[in-house]
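Close look at the chain arrangement
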Amino acid sequence: MKSLYYSIVVDETHLRQTNSIAEAASARGFEVRQVVSEIGAIFGCADQATLERLQQIPGVEEIRPCEDFQLPTFDPSKPQ
């Protein structure tokens, strides 16, 4: 299965447990790339089957796909 990049949003009542939630997500197959505990966000990769297991973790409010974008190559003749 194809893995995509996601952000896990931790609910307000579990913000202090963000690092523990990241560990639980990792144990369920989520490839954690970054944890921002101050805002309750965990970023990483997962396939569809893993997402279903992540929803079971207490404190997970939402799992959002992350959009990837690329800026065009700088060209001084075109406004950016």
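Residues numbered from 1 in each chain as written. Predicted model: local features only at pLDDT ≥ 70, side-chain atom pairs only at ≥ 80, totals over all residues. Heavy atoms only, no water.

**Remarks on the confidence of the model for the protein chain**
The test is simple: The predictor's confidence in any single residue is recorded as pLDDT, a number from 0 to 100. Each helix is a run of H or I in the DSSP string that is no shorter than four residues. Each strand is a run of E no shorter than two, and both are numbered from the N terminus.
Here the protein chain shows a mean pLDDT of 90. Residues at 70 or above account for 92%. Across the protein chain, element-level confidence peaks in helix H1 (residues 18-27) with a mean pLDDT of 98 and bottoms out in helix H2 (residues 48-54) with 92.

**Things to note about the pairing of strand S3 (residues 41-46)**
Where we set the bar: Only protein chains enter the accessibility calculation, which uses a 1.4 Å probe. A residue is then buried if its area is under 20% of the maximum for its type, exposed if over 50%, and partly exposed in between. Paired strands are those between which DSSP finds at least two bridges.
Across the six residues that make up S3, a large majority, five, are buried. Here strand S1 (residues 4-10) runs beside S3; their pairing, made up of six bridges, is antiparallel. Among the inter-strand pairings, Ser7 is bridged to a residue of S3, identified as Phe43. Of the pairings in the sheet, the one linking strand S2 (residues 31-36) to S3 comprises five bridges and is antiparallel in character. Bridging across to S3, Val36 finds its partner in Ala41. Two successive antiparallel strands, S2 and S3, enclose a turn made up of four residues, where Gly40 displays a positive phi of approximately 70 degrees.

**Here's the deal with the pattern of salt bridges**
Definition in use: Salt bridges are counted wherever a side-chain nitrogen of Lys or Arg sits within 4 Å of a carboxyl oxygen of Asp or Glu.
Applying the stated criterion across every chain yields a total of two salt bridges. Notably, a salt bridge pairs Glu31 with Arg33, separated by 3.0 Å at the nearest N-O pair. On the basis of relative accessibility, which here comes to 43%, the residue Glu31 falls in the partly exposed class. In this structure, Glu62 engages Arg64 in a salt bridge whose closest nitrogen and oxygen atoms are separated by 3.1 Å.

**Some remarks on the side chain of Thr50**
Quick note on the threshold: Note on definitions: a residue-residue contact is assigned when non-hydrogen atoms from the two residues lie within 4.5 Å.
Relative to the assigned elements, Thr50 resides in helix H2. Once residues within four sequence positions are removed from consideration, Thr50 is found in contact with Arg28, Gly29 and Phe30.

**Things to note about the nonpolar core**
In globular proteins that are soluble, nonpolar side chains generally tend to be buried together. Applicable threshold: The definition of a nonpolar core used throughout is a set of buried Ala, Val, Leu, Ile, Met, Phe, Trp, Tyr and Cys residues joined through side-chain atoms within 4.5 Å.
Ranked by internal contacts, the top residues of the largest apolar core, which has 15 residues, are Ile8, Phe30, Ile42, Leu54, Ile57 and Ile63. Residue assignment for this core shows that the elements contributing at least two residues are S1, H1, S3, H2 and strand S4 (60-65). In contact with Leu54, other than residues within four places in its own chain, are Ile8, Ala25, Arg28, Phe30, Val60 and Ile63.

**Looking at the sheet that holds S3**
For clarity, the cut-off: Axis lines are fitted through C-alpha atoms, for helices just across the contact stretch, and the angle between N-to-C directions can take any value from 0 to 180 degrees.
Judged by pairing direction, the sheet is antiparallel, and its four strands sit side by side in the order S2-S3-S1-S4 without closing on themselves. Every other strand in the sheet has two partners, leaving S2 and S4 as the edge strands with one partner each. Across the sheet, the mean angle separating the axes of adjacent strands is 25 degrees when strand polarity is ignored. Sitting on the sheet, H1 touches S1, S2, S3 and S4, and the angle it makes with S2 is about 175 degrees.

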